[in-house]
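Observations on the three-dimensional arrangement
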Amino acid sequence: MMTALDLEGRSSQPEAGILNRCAAVLFNALTQTAELLRVEVDPAGDQLILDYDGAALPAQEMAAIAADLAADLDGPYQHCLNRGHGVACTLCADALTQELERRGRLAEFTVEPGHMAVARNQPGRERARMTQSLAPAADPAAASSTWPWQRWDLARKQLILTVITALGIAVGWIGGALGLPQPWPQVAYGVAYLAGGYYGVRQGLAELRHGAINIDLLMILAALGAAAIGDWREGAILLFLFSLSNALQDYAMGRSRRAIEALIKLRPQEALVRRGELEMVTPVARLRLGDVVIVKPGERLPIDGVILRGQSSIDQSTITGESAPVDVAVGAQVFEGTLNQTGVLEIDVTCLPSESTLARIIRLVEDAQEQKAPTQRFLDDFEQKYALGVILATALAIVIPTFLLHQPFEETFYRAMTLLVVASPCALVISVPAAILSAIANAARKGILFKGGAHLENLATVRAMAFDKTGTLTSGKPTVTDLIPLGCCSEQELLALAASVEARSEHPVAQAIVQEARRQGLAFEPCEELQAITGRGARAVAADGRVYLIGNRELFENKLALTDQVLARLDELEQQGRTAMLLAGQVDGELAALGLIAVADSIRPQARAALAALRREGIAPIVMLTGDNARVASAIAQQAGVDEHRAGLLPEQKVAAVQALYQQHGSVAMVGDGVNDAPALAQASVGVAMGAAGADVALEVADVVLMSDDLEKLAYVVQLSRRARRIVWQNIGFALTVIVVLVVANFVVGVPLPLGVVAHEGSTLIVVFNGLRLLR
């Protein structure tokens, strides 16, 4: 067992295959400490998350290991904490996966996609979790002495290098025009080559070390080929346009990444905490379970929790996408990143910062942007074969005309270099992620989370949609719908009396009656000696000794003779899908019927309009699946306007129903609350969970998550997915057309290399900006 990691020296010189020091640090941590089960760098929380075997490793020793790891990841390796400085997490994860595969150890570890997290494949061990802050204290002197290049993001660096490239071309061209002696023009063009090809060479060689050929390598080869035949200026122009295109792409694609950065900025860095009698300001990363956080008006909540004291209106649009503020009071659950508008709140911390709803949303969106859609995976695989084919075609375009057709070498070589440029699939490869990432970012701003591009594509093909009833088409909470006195009291007196009987019951129907009485401001005294009668109702004794019964008709068999009028009203209420109860009490020593009370899980106000909007998008049939009885299901189905409904279904029967819909209609979506319908969500082509703010199961199970209860967002989600698919195929079609036209023109009439570069890079920018339309 190790109490600290000896990373100095070893991780600073990682073994071949690992591209980044942070990948080496995590790899060494897991391989050197058998008790360490999982390591994750969390950029959103500026912290290191460590899972370890709590039974085998004391917490004190784990703390020492965590401190060593954090120290080794700090300093010049802050790209691990800031996605704006490039795609470090993705590069690290990919490099580490390839390194583990090279060593034959991929079965021992799992590198989680989309963020820098590595886990040991050893289930069943006792897991404990420790977090370690990765955000060192700010040092203004150190910050001011840091070279600005280290603080700039990738797009800015590429733009600066592009400007240097342009200056080198200008100096070289002017020098040549003025007749400056050699080698000064070539020196200026050489500077242009170094600046314009810097990132291309780095990325191209990095991919080549792993046996892959990318577009950067093709561009570098074309520029070197131009230099080889003396066309330094045209090679430099190629690199300038390629570098400018990459800088503009990074800036444009950064708009979708900034959707995540905007979420991260919502996270307060400090919180006002009360511990005992002491109030203190502490970093959010150091909050503990059970802390009491004080949030003043105008401040954002620093953590998820439950209100202990105070009431306020909270803007929850960052979580649910709903613009209207929500009134909250004691006992209400609240979420990190939301805005407290009116009152002072004291909040009990119920989860760690790394596990808050906002932190999970950020991780989900990041993961979704890293997970590739099927079309993109196909194009990525195709790119390797295509790039190799372009190189072979370029070689043949040199060899055949030169040695078989006896054409001039320089002219042939120039045409081949142009072919290498115009046939490169830049626009084709970027066509899919430009649209998919933009659509995911657009949805995230509206409280809609896609787990990946595959689900966005799949949703565009959905034709049938199934809905769970309880908590999806309905509110999921029973409410009082009917109060029918039977001649001895008023509606309010009947409700107050029923609330007295049900006050000590925990049954959902009983709680609905009590809440309605409180909502109406009625006073009632809880009865004593409450006795629940399973499946029928309850019996209670009031303070004056009178006995009351409340329940269904079976409760009163052999106890009370019900009139035909009462039985008819009970039948009518039950046929409407409501739970009907009779309240009876002692009157003059005899049990007498006092009134009828009906409770129902009411349909959501927007349900019918939402389903109509889905039909306008071509979704049919719309089917309701429920475990409730046929009478209730029929009533709700009629109110909601579904095409079909199936009642009395167990979870496994809901799965079978989804499978049957798939066989009949092809792609099918299932919409639920992510609790008892989790198996059906997993079975569907696309599982959609709604009302998931704070719901762990929904966030884990569903493919698409609606953070609010707004059913009307479903039609928007379908529209967005279909629009994304149209734009993807527009991009693919345009990119292929440009490649074919340029290749044919190059062989028929000849295309100047600069013109080929302009057309090639121009098409790339067009598909990027076409994809970015989905951000609107």
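See the structure shown above.
These remarks concern the structure in this document. Values in this document were obtained by computation on a predicted structure and should not be read as measured data. (Residues numbered from 1 in each chain as written. Predicted model: local features only at pLDDT ≥ 70, side-chain atom pairs only at ≥ 80, totals over all residues. Heavy atoms only, no water.)

Overview of the pattern of salt bridges
As a reminder of what qualifies: By definition here, a salt bridge exists when the distance from a side-chain nitrogen of Lys or Arg to a carboxyl oxygen of Asp or Glu is within 4 Å. Exposure categories follow from relative accessible area, calculated using a 1.4 Å probe and restricted to protein chains: below 20% of the type maximum is buried, above 50% is exposed, and the middle band is partly exposed. The helix count covers DSSP runs of H or I at least four residues long, the strand count covers runs of E at least two residues long, and both are numbered beginning at the N terminus.
Tallying each qualifying case throughout the model produces 16 salt bridges. Across the pair Arg274 and Glu279 runs a salt bridge whose closest N-O atoms are separated by 3.1 Å. The partly exposed category is assigned to Glu279, whose relative accessible area is 43%. Across the pair Arg415 and Glu411 runs a salt bridge, and its minimum N-O distance is 3.1 Å. In this pair, Arg415 and Glu411 both sit in helix α13 (residues 409-422), four residues apart, roughly one turn of the helix. Judged by its relative accessible area of 21%, Arg415 is partly exposed. Put simply, Arg274, Glu279, Arg309 and Glu346 are held in one network by salt bridges that share partners.

Some thoughts on the sheet that holds strand β13 (residues 339-340)
Definition in use: When DSSP finds two or more bridges between two strands, those strands count as paired.
Across the sheet, which stays open at both edges, the three strands sit in the order β11-β10-β13 with antiparallel pairing between neighbours. Each end of this open sheet is capped by a strand with a single partner; those strands are β11 (326-328) and β13. Pairing of strand β10 (residues 312-315) with β13, which is carried by two bridges, proceeds in the antiparallel orientation. For Asp315, the partnering residue across the bridge sits in β13 and is Leu339.

Quick notes on the pairing of strand β25 (residues 668-672)
When you tally the buried positions in β25, you get five out of five residues, the bulk of the element. The alternating pattern of β25 places Val668, Met670 and Gly672 and Ala669 and Val671 on opposite faces, both of which are buried. In this structure, β25 lies alongside strand β26 (residues 686-690), joined through four bridges in parallel fashion. Among the inter-strand pairings, Gly672 is bridged to a residue of β26, identified as Ala689.

So, the pairing of strand β20 (residues 547-551)
Counted residue by residue, β20 has five buried out of five residues, so it is predominantly covered. Of the two faces of β20, the one carrying Val547, Leu549 and Gly551 and the one carrying Tyr548 and Ile550 are both buried. Inspection of the sheet shows strand β19 (residues 537-541) paired to β20 by five bridges, in the antiparallel sense. Of the residues in β20, the one forming a bridge with Gly537 is Gly551. Connecting β19 to the next strand, β20, in antiparallel fashion are five residues, including Gly545 with a positive phi near 90°. Of the strand pairs in this sheet, β20 and strand β21 (residues 579-587) are connected by four bridges, and their pairing is antiparallel. Along β21, the bridge assignment pairs Leu549 with Ala584.

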